[in-house]
Amino acid sequence: ASLQPYLSAVNAAHDDLGFQKPALGHLVARFRSGLAHLQNTAGRDAERVLLPAPIVQTAHDWALGLDLASASARQLSAFRAAVATVLNYCFFARGATGSALCCGDVRRTDDALHITLAREKGKAKNQRSRVLSMPLGSVRGLDDLLKKWELFRGACADSESFFVLPAERSAATKLRPIRFASTSIDRWVHEILDHLDLQPPPGDKWSGHSERKGAASAAAAIGVRRNRICWCGGWSIQSSTVHDYIDPTCP
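In this text, all values refer to a predicted model and were calculated from it rather than measured experimentally.

## Focus on the environment of Asp194
Right, on to step 1. With respect to the helices and strands, the residue Asp194 is situated in helix α8 (residues 184–195).
Right, on to step 2. Of the residues examined, Asp194 reaches a relative accessible area of 47% and is grouped as partly exposed.
Right, on to step 3. Distance from Asp194 to Ala78, taken between C-alpha atoms, is 9.3 Å for residues 116 residues apart in sequence.
Right, on to step 4. A distance of 3.3 Å separates the side chain of Asp194 from the side chain of Gln199, its partner in a polar contact.

## As for the packing of aromatic side chains
Aromatic ring pairs are described here by two measures, namely the spacing of the ring centres and the angle between the planes.
Right, on to step 1. Summed over all chains, the structure comprises 7 aromatic pairs.
Right, on to step 2. Relative to Phe152, the ring of Phe79 lies with its centre 5.8 Å away and its plane at 80°, an arrangement referred to as edge-to-face. One end of the pair, Phe79, is in helix α4 (residues 73–90); the other, Phe152, is in helix α6 (residues 142–153), and 73 residues separate them in sequence.
Right, on to step 3. We classify Phe79 as buried; its relative accessible area is 0%.
Right, on to step 4. For the pair Phe162 and Phe163, a centre-to-centre distance of 5.2 Å together with 85° between the ring planes defines the contact as edge-to-face.

## Quick notes on the side chain of Glu120
Right, on to step 1. Counting through the fold element by element, Glu120 comes out in the loop between β3 (112–117) and β4 (130–135).
Right, on to step 2. Glu120 sits in the buried class, given a relative accessible area of 7%.
Right, on to step 3. Here the side chain of Glu120 touches Arg130 through a polar contact of 2.7 Å, side chain to side chain.

## Here we look at the side chain of Asn11
Right, on to step 1. Position of Asn11 among the secondary structure elements: in helix α1 (residues 4–16).
Right, on to step 2. In contact with Asn11, other than residues within four places in its own chain, are Lys21, Pro22, Ala23 and Leu24.

## Brief notes about the environment of Ile229
Right, on to step 1. Mapped onto the elements of the fold, Ile229 is located in helix α10 (residues 226–233).
Right, on to step 2. With relative accessibility at 1%, the residue Ile229 sits in the buried group.
Right, on to step 3. Along the sequence, Ile229 and Leu196 sit 33 residues apart, while their C-alpha atoms lie 29 Å from each other.
Right, on to step 4. Once residues lying within four places of it in the same chain are set aside, the contact partners of Ile229 are Phe92, Ala216, Ala219, Ala220, Val224, Trp235, Val242 and Ile246.

## Observations concerning the pattern of salt bridges
Right, on to step 1. Under the counting rule described, the total for this entry stands at 4 salt bridges.
Right, on to step 2. A salt bridge links Arg119 to Asp105, with the nearest nitrogen and oxygen atoms 2.8 Å apart. With Arg119 in the loop between β3 and β4 and Asp105 in the loop between α5 (95–99) and β2 (106–108), this pair connects stretches of sequence that are 14 residues apart.
Right, on to step 3. For the salt bridge of Glu150 with Arg108, the shortest nitrogen-to-oxygen distance reads 3.2 Å. On the criterion of sequence distance, the pair formed by Glu150 in helix α6 and Arg108 in strand β2 is long-range, its members being 42 residues apart.

## Quick notes on the nonpolar core
Right, on to step 1. Within the largest apolar cluster, 55 residues are counted, with the highest numbers of intra-cluster contacts made by Leu87 and Phe163.
Right, on to step 2. Per-element tally for this core: the top contributor is α4, with 11 residues.
Right, on to step 3. If we ignore the near neighbours within four places in the chain, the residues touching Leu87 are Leu101, Leu113, Ile115, Leu146, Phe162 and Phe163.

## Brief notes about the pairing of β3
Right, on to step 1. Across the 6 residues that make up β3, a large majority, 6, are buried.
Right, on to step 2. Here β3 shows two buried faces, one formed by Ala112, His114 and Thr116 and the other by Leu113, Ile115 and Leu117.
Right, on to step 3. Looking at chain direction, β2 and β3 are connected through 3 bridges and run antiparallel. Looking across to β3, one finds that Arg107 is bridged to His114.
Right, on to step 4. Linking two consecutive strands that pair antiparallel, namely β2 and β3, is a turn of 3 residues.
Right, on to step 5. In this structure, β3 lies alongside β4, joined through 6 bridges in antiparallel fashion. Pairing of Thr116 across the sheet is with Val131, part of β4.

How each quantity is defined
Residues numbered from 1 in each chain as written. Predicted model: local features only at pLDDT ≥ 70, side-chain atom pairs only at ≥ 80, totals over all residues. Heavy atoms only, no water. Helix = DSSP H or I, 4+ residues; strand = E, 2+ residues; numbered from the N terminus. Buried < 20%, exposed > 50% of the residue type's maximum accessible area, 1.4 Å probe, protein only. Polar contact = N/O pair within 3.5 Å; in protein donor to acceptor, adjacent residues only side chain to side chain. Phe/Tyr/Trp six-rings, centres within 6.5 Å; stacked < 30°, edge-to-face > 60°. Contact = heavy atoms within 4.5 Å. Salt bridge = Lys/Arg side-chain N within 4 Å of Asp/Glu carboxyl O. Core = buried A, V, L, I, M, F, W, Y, C linked by side-chain atoms within 4.5 Å. Pairing = 2+ DSSP bridges.

If you want it as structure tokens, here you go:
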């Protein structure tokens, strides 16, 4: 899998210059298959599994109950990690989409929370961004958690990252605002789970992408219609990809 981006780049460069794409065909496919078999003879990594909704609820409840006035720097960092983890989970977001949220992308009206997915993967060429709306109160305590975070973080410009800690903002400028890498959600998920000593079962692994799988699986488990799951996750209703994210054994 890690070889494919290089093969794609080789093919694209040749195609742009009017040459035949060389990294195609039976021999390339067989070579990749052979490499995969060799790689697996040393043992396989843990399987990345869904992040269960009760685990995310635990992170949410801890963050909502944290006394920010007496919290340590480590606890404040874990608080930010919990907010990011919970919000990303509720909107089925990819890590890169969630970590790129800016203050202007998160807004409330009298009856709903609205998230603009302005930097959603695969949609950079679109003139408009998708907006996901969630009625206020539909997830217990989410509105209170976001209000607590925004009050702690303070007012910010629309272009600033939604997840910047107050201590980090002093290092930012208008020309160089704080931006978080696409791997930040993965790092924040591990940070809050480690802080709360929440670990996956032996042989399994949780990552930032486990949130996306967990959200889709949990939604399906409580009877949410497939078209709603696909809309939240950004999957085509005709695509089989969504089935890779829904674990039918999720309680």
